[in-house]
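# Summary of the model geometry
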Amino acid sequence: MADPVVENLSSALASAAAKCLNIPAGELAPRVPLSRYGLDSLAMVELTAAIEQMVCRRLPEDLLIEHPDLESLERYLSAVSGTGVSPVSRFEQMQRDSVLPPEIRPEADSQSRHAEEAVLLTGATGFLGGYLLRSLLLKTRPRVYCLARPADGQGAAERIKRAMQSYGIWDPDFESRITAVEGDLSCPLLGLGEKQYAALCNDVGAVYHSAAAVNWVYSYQAVRNVNVLGTLELIRLACASRPKAFHFVSTASVCYSTSGPHTVCEDDDMYPYLRGIHLGYAQSKCVGEALVRQAGERGLPVTIFRPSLIGGDRVSGVSNSSDLLSRLIKAAVQMEEAPDLDWRVDCCPVDYVADAIVRLSASCTEPHVFHLVSPSQRHWREFILWMNLFGYPVRLRPYREWLRRLGEEAGPDHPLRELLPFFSRKPAGEGGLTLPELYEEPRRSRVCSESTLESLRAWPLGSPKLDASLLDRYFRDYIDRGFLPPVERPRCKGNGDARAPFDAAFFTRIMRRFYEDDTIEVREACVLHGGSDHSIISELTSWKHGSAAGLDRYRLTVLRESSESETMGAVVKKKARDDHVIDVAQRIAGQCSPGLGQAFNRFGRDVGLAGCHLRELGIYQQRDERFRRHSPTLFGAVRDDLRGEWVLVMEDISGLELLDSADDVSGWSGDHIKAVLGGLGELQSIWYGRERELLEQPWLGPVVPASRRAGMGEMWEALADFAAGRFGFVNGSSTRALQRRLVAEAGTRRRRLERMPRTLIHNDFNPRNVALRREAGSLRLCAYDWELATIGVPQHDLAEFLCFVLAATTQRAEVRHYLDLHRSAIEQASKCSIDADIWELGFRLSLHDLLIDRFAMYAMVDRFRPQRFLGRVISTWRALYDLFPVEVYR
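Rules behind the numbers
- Residues numbered from 1 in each chain as written.
- Predicted model: local features only at pLDDT ≥ 70, side-chain atom pairs only at ≥ 80, totals over all residues.
- Heavy atoms only, no water.
- Helix = DSSP H or I, 4+ residues; strand = E, 2+ residues; numbered from the N terminus.
- Rg over C-alpha atoms; globule rule 2.2 N^0.38 Å.
- Contact = heavy atoms within 4.5 Å.
- Areas by Shrake-Rupley, 256 points an atom, 1.4 Å probe, with all protein chains shown as cover.
- Lys, Arg positive; Asp, Glu negative; His and termini not counted.
- Charge placed at Lys NZ, Arg CZ, Asp CG, Glu CD.
- Expected span 1.5 Å × (residues − 1).
- Buried < 20%, exposed > 50% of the residue type's maximum accessible area, 1.4 Å probe, protein only.
- Salt bridge = Lys/Arg side-chain N within 4 Å of Asp/Glu carboxyl O.
- Disulfide = S-S within 2.5 Å.
- pLDDT = per-residue confidence, 0-100.
- Phe/Tyr/Trp six-rings, centres within 6.5 Å; stacked < 30°, edge-to-face > 60°.
- Lys NZ or Arg CZ within 6 Å of the ring centre and 35° of its normal.
- Core = buried A, V, L, I, M, F, W, Y, C linked by side-chain atoms within 4.5 Å.
- Pairing = 2+ DSSP bridges.
- Axes fitted to C-alpha atoms, helices over the stretch in contact; angles between N-to-C directions.
- Parallel < 35°, antiparallel > 145°, perpendicular 65-115°, else oblique.
- Left-handed = near helix turned anticlockwise from the far one by under 90°.
- Polar contact = N/O pair within 3.5 Å; in protein donor to acceptor, adjacent residues only side chain to side chain.

### Here we look at the overall build of the protein chain
From N to C terminus, the protein chain includes 36 helices and 26 strands. Whereas a compact globule of 890 residues would reach a radius of gyration of roughly 29 Å, the protein chain reaches 32 Å, a difference of no more than 12%. Principal axes of the C-alpha set define a box for the protein chain whose edges measure 100 × 70 × 50 Å. Looking at the protein chain alone, contacts between residues at least 24 apart form 78% of all its contacts between residues at least 6 apart. When the accessible surface of the protein chain is totalled, it reaches about 37,400 Å², and 48% of it is carbon and sulfur. With 109 positive and 118 negative side-chain charges, the protein chain shows a spacing of 3 Å between the two charge centroids.

### Structural notes on helix α22 (residues 578-592)
Between its first and last C-alpha, α22 extends 21 Å over 15 residues, near the 21 Å set by a 1.5 Å rise per residue. Summarising burial for α22: 11 of the 15 residues are buried, a large majority. Looking only at α22, the buried set comprises D578, V581, I582, D583, V584, A585, Q586, I588, A589, Q591 and C592. Looking at the buried side of α22, the elements it contacts are α14 (380-390), α21 (536-545), α23 (594-603), α24 (612-620), α29 (713-727) and α35 (854-862).

### Digging into the pattern of salt bridges
The full count for this structure, using the stated rule, is 68 salt bridges. Here E382 ties to R378 by a salt bridge, and the two come within 3.3 Å at their closest N and O atoms. The pair E382 / R378 is uniform in exposure class, with both members buried. Between R629 and E682 there is a salt bridge, with its nearest N and O atoms 3.9 Å apart.

### Remarks on the state of the cysteines
Here the structure, examined in full by the defined rule, presents 0 disulfides. Sulfur of C265: no disulfide; nearest cysteine sulfur belongs to C448 and is 4.1 Å away. Residue classification places C265 among the partly exposed residues on the basis of a relative accessible area of 27%.

### Some details on the side chain of T810
As for its position among the elements, T810 is in the loop between α32 (795-805) and α33 (812-830). Once residues lying within four places of it in the same chain are set aside, the contact partners of T810 are V815, L880 and L883.

### A short note on the confidence of the model for the protein chain
Close inspection of predicted coordinates is inappropriate in any region flagged by low pLDDT. Counting all residues, the mean pLDDT for the protein chain is 91, and 94% of those residues have values of 70 or more. Contacts from residues 1-5, a stretch scored under 50 in pLDDT, to residues over four places away or in other chains number 2 contacts. Every residue in residues 492-498 is under pLDDT 50, and counting partners more than four places away or in other chains gives 13 contacts.

### Here we look at the packing of aromatic side chains
Counted by the stated rule, this structure contains 39 aromatic pairs. Taken together through their ring pairs, the aromatic side chains of W343, W380, F383, W386, F390, Y392, F475, Y478, F483 and W543 make up a single cluster. Between the NZ or CZ atom of R275 and the centre of the ring of F91, over which it lies, the distance is 3.7 Å. Above the ring of Y515, the side-chain terminus of R560 is found at 4.5 Å from the ring centroid.

### Some points on the nonpolar core
Core analysis: the largest hydrophobic core is formed by 230 residues, its most contacted members being W380, F423 and F475. In contact with F475, not counting residues within four places along its chain, are I329, F383, W386, M387, F390, Y392 and L484.

### What about the sheet that holds strand β2 (residues 144-148)?
Spatial ordering of the open sheet is given by β3-β2-β1-β4-β5-β7-β12, a layout of 7 strands whose pairing is parallel. Looking along the sheet, the strands with just one partner apiece sit at the ends: β3 (178-182) and β12 (368-372). The sheet shows a mean angle of 20° between the axes of neighbouring strands, direction not considered. Bridge count for strand β4 (residues 204-209) against strand β5 (residues 245-249) is 4 bridges, and the pairing is parallel. Bridge pairing links H209 to F248 in β5.

### Looking at the pairing of strand β7 (residues 302-307)
With respect to burial, β7 is a largely interior element, 6 of its 6 residues being buried. By the alternation rule, side chains of β7 split into V302, I304 and R306 and T303, F305 and P307, which are all buried. By the bridge criterion, 4 bridges tie β5 to β7 in an arrangement that is parallel. Its bridge partner being in β7, F248 is matched across the sheet by I304. Both β7 and β12 contribute to a ladder of 5 bridges, which runs parallel.

### Notes on the packing of α21 against α22
The contact between α21 and α22 brings their axes to 9 Å, and the two run at 110°. In this view, α21 runs roughly perpendicular relative to α22, as classed from their interaxial angle. Crossing of α21 over α22 shows right-handed handedness. Here α21 contributes I537, L540, T541, K544 and H545 to the contact with α22, which in turn contributes H580, V581, D583, V584, A585, R587 and I588.

### Focus on the packing of helix α31 (residues 746-754) against helix α34 (residues 836-852)
The contact between α31 and α34 brings their axes to 10 Å, and the two run at 140°. Judged on the interaxial angle alone, α34 and α31 are oblique. Crossing geometry of α31 relative to α34 is assigned as left-handed. In this structure, α31 contributes A746, R749, R750, R752 and L753 to the contact, and α34 contributes I838, L841, G842, L845, S846, H848, D849 and I852.

### Details of the pairing of strand β1 (residues 118-122)
When a strand is regular, its side chains alternate between the sheet's two faces. Of all 5 residues making up β1, 5 are buried, and the element is well covered by its neighbours. Looking at chain direction, β1 and β4 are connected through 5 bridges and run parallel. Paired with L120 across the two strands is V207, which belongs to β4. Across 4 bridges, the pairing between β1 and β2 is parallel. Paired with T122 across the bridge in β2 is L147.

### Looking at unusual backbone geometry
Across residues other than glycine, the phi torsion is negative in most instances, and most of the peptide bonds are trans. Note the cis peptide between E441 and P442, where omega equals 0°. By the element assignment, P442 lies in the loop between α17 (435-438) and β15 (446-447). Although it is not a glycine, C56 adopts a positive phi angle of roughly 55°. For C56, a relative accessible area of 70% gives the class exposed. Here D785, not a glycine, exhibits a phi torsion of approximately 55°, which is positive. Note on placement: D785 falls in the loop between β25 (778-783) and β26 (790-792).

### Let's talk about the side chain of R306
Within the fold, R306 resides in strand β7. Within the structure, the side chain of R306 is placed 3.0 Å from the side chain of H371, a separation counted as a polar contact.

### Quick word on the environment of T263
With respect to the helices and strands, T263 occurs in strand β6 (residues 263-264). Sequence separation of T263 and G777 is 514 residues, and the distance between their C-alpha atoms is 36 Å. Excluding its chain neighbours within four sequence positions, the residues that come into contact with T263 are D268, R446 and C448.

### Notes on the environment of K573
In this structure, K573 sits in strand β18 (residues 566-574). Judged by its relative accessible area of 10%, K573 falls in the buried class. With 31 residues separating them in the primary sequence, K573 and G604 have C-alpha atoms 24 Å apart. In contact with K573, other than residues within four places in its own chain, are G550, L551, E616, W646, V647, L648, M650, D785 and E787. A distance of 2.9 Å separates a polar atom in the side chain of K573 from a polar atom in the side chain of E787.

Quick look at the structure:
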């Protein structure tokens, strides 16, 4: 005889759920997810325990995630108790759902489609859907049918209008071109009557499917009706009557399969890697893609769009305050803590994504997949650093510690209460890692978007880059809407958010002086690119202090009296005041560790940043032909100390060989290295033997003597303590003991170096700031970014460069060869004789100094903006250290 509780399982489950939710059992619909009634993560634990007591057995921890409504819960419990049909596994269900029924195929196209036909859009009441509707209305001419459910006493038309008004994008003129269709994706025929459905099939020529149940906690089963069955119904409509172009908005999260390829390109089908996708929402989209692909194979015109996280509007800053990222931000502000995760925040502005979908869908004539992801993603730690600079004190805390605190504090009003299962869930077979940990680098696949970017090149959609200025806009909107509390922020003279482009008249003045030709006229100055991708300090300084600092590329149209107009490139580099740069560097140090922050507060002006805004201007204005030969051409410079403007206008060197190649030095050959060392020797020969004269140059800025640096032990110790964790184990051993020794010897080493012949050194000489010109088969150095230049032994630049371009397997003879090349180049250009033994000792001492100074600074930046070259460079440094030891400092 069956257990009496099991016989009344339906009512028993409803009663238990109603008790946890504190609502009448009669209000619970069997197919509605319990989360819609307010079942959060803590109530899930309580209800699971009650059900375990009811059926007298242990149940899975994710019971209510996998079976989110009363009907699916009853079906599962009946099956495991032996009173029902055996349950279909989740993977089996997904496999069944991934097969497009054979009767769904495009009918013979009796009429050709044309651009003026109406389109059907789903999801118009959502954030992306609302912007997609706006883009369709602004960039195309057809009428737009919008399928939406009535809710909260509002019809579909009113819901669409109010949603767009809430984002600030409603225009009264839109109303005449929108036809609201009240229906339901999860129902047969989309919940429409047969006549209405048939009319819709005849009227529309394309379908844009952006509606989805987006949820980071729900299981596949919970989102299946909308995300899978709804997609199936829309494909059925697209095939009916006459074929309609079908544009499916999927998600980049389908690319994050733990069993998938390391790099996912647009033409990669992720369905074979479905088992490694652990997010129910992503699983449903992967199944949806499978259905769309099969429809495409049967002749339906289809496109699939895989957008990343959807960010706010680039102009207004309006964001979706209910999405994962917004809730995580609000929780960080509220808790004053954030999880320390190795995440890259892949986030694209909503207006960019919507415009891209409309443009790409209009140009596609065959099945295609597009990746709408950020080409320059922000690291999560850099995101938190930015929040601190904005005014919100937030510290990073180890993930498992943060998770324990979240579990303790996630009360009813906590922003992450409903998302707690996402943060705590550990998928089976993944080594005990939680979902957020599976999305860390380098576990997460890289999503490649080169093909998509190439397709978008024809349209000026603007940059989707999530830079500091755009973050500022987002956070100001959060504050204006009451989502975040206001913060006190220091007032700036300018606004880094509004870096006004230089106009044609400015370039005309510069070019006339450079060419000494008053007939030159720059007719047009077009900005091509803004900002530096590897200078975190420069970007944050520009934003925080309103200095408008940064790097911009221009395309100039130049007219000369004696010739036709020509096009040329130019780069404008605007410098930030040194005290602003030092302030941001101190903030970064403080986020690394309290001890490092305190040390930077004491010694921040002694690490090479003081005077950086004037130094580079002076260096580029040198007249020596050796400098001009091995640096970018300087067209002109502007210095206005009263207005705070320090500007360099130079040639655009973006086409040079091995430019910005620090992350991948596989292209560096012996010939490249030889050319660099020859050019470096010429550059350093300019001031070699003229140390006193160099020290008198006003642009050089403060030079920290060895005695002062010897007293900076607190700084070197704090840097070493922090950097040891970033350097890790090199060649099988920790660098920390080595760092301690080198810090202890810093004073003696510096005094020894100060007694050697010195010159102007670049002090950041590596493939980040070095490229080569190839002219008539020969190579010539081009060294740029001279803001850290100082006086020092020339071997310092050599040691840093070799750490970057040589492999850890390098041999002593190879290194000695490059040492001799560099020394000979300086001897030849300066007409000075250099002792080979003293030269090698200077190289060894410089090598030792690099680990506790320059490379430790890289480790500090690596905390927030990963420096992919760092591990390789430290391995090579250790190899060179072992090849060239210094037993005793004399």
